[in-house]
Amino acid sequence: MPFTVTGSFDDGAAYQVLVTGEADRPVAGSRRAAALVELQHGRPISLTPTGPVRAVAPGDEETVLAVLQTYTRVRETGPGAPRQVTAAATPEVR
């Protein structure tokens, strides 16, 4: 189920994307966020601060959200976001 994510990058640039769940276009609304997800494709990522760990897959909404939460500051997730991955579990921006 598609859902929205609102956040900002390290440099303060804000974004709002739709996480689509589609492998050919995992996020819509920000080329920069889409490039970030594409760069992480196939790499392991922790879904929460304590795990589990899965490989990033463009069609996997949980791993796409985990990428955004790990590499950006997620402010809000819209209705339909995976329950186990929440903005409250977002680690500090590196």
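Being a predicted model, the structure only gives us computed values, none of them experimental.

On to the overall build of the chain, then. The helix and strand inventory of the chain stands at two helices and six strands. Counting every position in the chain, which comprises 94 residues, the buried fraction comes to 44%. Expressed as a percentage of contacts within the chain between residues at least 6 apart in sequence, the contacts between residues at least 24 apart total 41%. Surface accessibility of the chain: about 5,300 Å² in total, with carbon and sulfur atoms responsible for 52%.

Take the pattern of salt bridges next. Within the structure shown, the criterion is met by three salt bridges. A salt bridge links Asp-60 to Arg-54; the nearest nitrogen and oxygen atoms lie 2.7 Å apart. As a salt-bridge pair, Arg-54 and Glu-62 come within 2.7 Å of each other at their nearest N and O atoms. Among the residues examined, Arg-54 registers a relative accessible area of 30% and is labelled partly exposed. Residue classification places Glu-62 among the buried positions, given a relative accessible area of 19%. The network of salt bridges with common partners includes Arg-54, Asp-60 and Glu-62.

Right, let's talk about the environment of Thr-20 for a bit. Its location among the elements puts Thr-20 in strand S2 (residues 14-22). For Thr-20 and Gly-59, which are 39 residues apart along the polypeptide, the C-alpha to C-alpha distance reads 7.8 Å. Among residues more than four places away in sequence, those in contact with Thr-20 are Pro-2, Arg-25, Pro-26, Val-27, Ala-28 and Glu-61. In terms of polar contacts, Thr-20 uses its side chain to reach the backbone amide nitrogen of Glu-22, at 3.1 Å.

How each quantity is defined
Residue positions are given per chain, counting from 1 as you read along its sequence in written order. Residue-level local features of this predicted model are given only where pLDDT is at least 70; pairs of side-chain atoms are given and counted only at 80 or more, and the full residue set underlies all totals for whole chains, interfaces and linings. Derived side-chain values reflect all non-hydrogen atoms in the structure, with water molecules and hydrogen atoms excluded from consideration. Each helix is a run of DSSP H or I of at least 4 residues and each strand a run of E of at least 2, with the numbering of both proceeding from the N terminus. Burial here depends on accessible area, computed with a 1.4 Å probe over protein chains only, as a share of the maximum for the residue type. Under 20% is buried, over 50% is exposed, and the range in between is partly exposed. In this description, contact between two residues means that some pair of their heavy atoms is separated by no more than 4.5 Å. The Shrake-Rupley method, run with a 1.4 Å probe, gives the accessible areas here. Residue values count only the displayed protein chains as cover. The rule for a salt bridge is simple: a side-chain nitrogen of Lys or Arg has to be within 4 Å of a carboxyl oxygen of Asp or Glu. Counted as a polar contact is a pair of N or O atoms within 3.5 Å, where, for protein atoms, one must be capable of donating a hydrogen and the other of accepting one, and residues adjacent in sequence contribute only when both atoms are in side chains.

These figures come from the coordinates and say nothing about function on their own.
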